[in-house]
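# Observations on chain architecture
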Amino acid sequence: MSSSSPFIPSLEHLTRQRGVLGSLVVSETDGIVIDAVVQPSVKAPVVAALAASLYRRARQSAHAAGLGGVKYLELVADGGRLCMAGRDDLVVVLVTDTRVGVGLLRVELLRTAAELPE
Amino acid sequence: MSLAVVERWVEAPLRRFVEDAQAVLALLLTPSGQVLAQHGFTRAVDVMSACALAAAIHASSTELGRQLQGRPFAGLHHAGRRRQLFLARADTPRGPYVFLTVFDQASSLGLVQLYYDEFTARLGDAAPPKSNDTTEVLAENFESELDRNLKLLFSR
């Protein structure tokens, strides 16, 4: 990934948090990686495609239920979590293990998503 | 699901791809334009046109890739307003094939690429080895072979 990307400082900051295995900025529509800082164990293109699809479905579900937009989405699995927050077509995705401190990470994730360019 | 195949070994991998990627259309053909399987088409003439166009685009983009970077492009993506197209080569022990799929907002380029990779792996596993008596489709029997395959696809 290019070090000149405007997303890299934010992604590096998120990935330095305890328990975070990787962070990605993903296009919700295309399901492809815009930028990512991930450990080698994280398959960024696969996570991007599936997480974007999940986020899109969640957004559509919330809209259909009359709840408005999605602010934050978290999937808890046996080995960790997927945390997502978006703005317009961009979604910030975090891949974590089980050691993560969810509260602080959620604040950081929402702040990063709010700072995404429109 | 309106899926039809000329050769049985193609069916399971293609069906899985269509289900996973939620593709609207899918087409597997030889680089010369002979159809092997299709999903979503309702008329033989549309399959024939799509095969001819896909083979031509594949040949052009392959050569363009060779000219620009010394090797063929891995795939081609065209985004329309409502539908998108993905065209790529699928290598198997039986030889190379061309895969064309069309998808809409129910899917995404990332999902299509992800499941395309899985599709090519499954296709490679399912492909029977190329036998010595396999006849190459020559220009002189191209049309009759194409007619035969189209009849197989749309006669069921």
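For the structure given in this document, a descriptive report is provided here. Keep in mind the model is a prediction, meaning the values are calculated, not measured. (Residues numbered from 1 in each chain as written. Chains lettered and ligands numbered in written order. Predicted model: local features only at pLDDT ≥ 70, side-chain atom pairs only at ≥ 80, totals over all residues. Heavy atoms only, no water.)

This part covers the nonpolar core. Residue and element names in this part refer to chain B. Membership of the largest hydrophobic core comes to 29 residues, with the highest contact counts inside it found for V10, L14, F17, L28, F99, Y116 and F119. Listing elements by their share of this core, those giving two or more residues are β1 (3-5), α1 (11-21), β2 (25-29), β3 (35-39), β5 (84-92), β6 (95-103) and α3 (109-126). With eight residues, α3 is the largest single contributor of residues to this core. (Core = buried A, V, L, I, M, F, W, Y, C linked by side-chain atoms within 4.5 Å. Buried < 20%, exposed > 50% of the residue type's maximum accessible area, 1.4 Å probe, protein only. Helix = DSSP H or I, 4+ residues; strand = E, 2+ residues; numbered from the N terminus.)

Another aspect to go through is the interface of chain B and chain A. The interface is formed by twelve residues belonging to chain B together with ten residues belonging to chain A. In this assembly, chain B packs against chain A so that about 730 Å² is buried in total across both faces, 55% of it on carbon and sulfur atoms. Between chain B and chain A we count zero salt bridges in total. If you look at where chain B meets chain A, you find six residue pairs in polar contact (both at pLDDT 80 or more). (Contact = heavy atoms within 4.5 Å. Buried area = accessible area lost by both parts, 1.4 Å probe. Salt bridge = Lys/Arg side-chain N within 4 Å of Asp/Glu carboxyl O. Polar contact = N/O pair within 3.5 Å; in protein donor to acceptor, adjacent residues only side chain to side chain.)

Before going further, it helps to spend a moment on the sheet that holds strand β2 (residues 33-38) of chain A. Residues and elements named next belong to chain A. Taken in spatial order, the five strands make up an open sheet running β2-β1-β5-β4-β3, and their pairing is antiparallel. Each of the sheet's edge strands pairs with one partner strand only, and the pair in question is β2 and β3 (73-77). If you compare each strand with its neighbour and ignore which way they point, the axes differ by 10° on average. In this sheet, β2 lies alongside strand β1 (residues 20-27) in antiparallel orientation, the contact comprising five bridges. Bridged to G22 within β2 is V38. (Pairing = 2+ DSSP bridges. Axes fitted to C-alpha atoms, helices over the stretch in contact; angles between N-to-C directions.)

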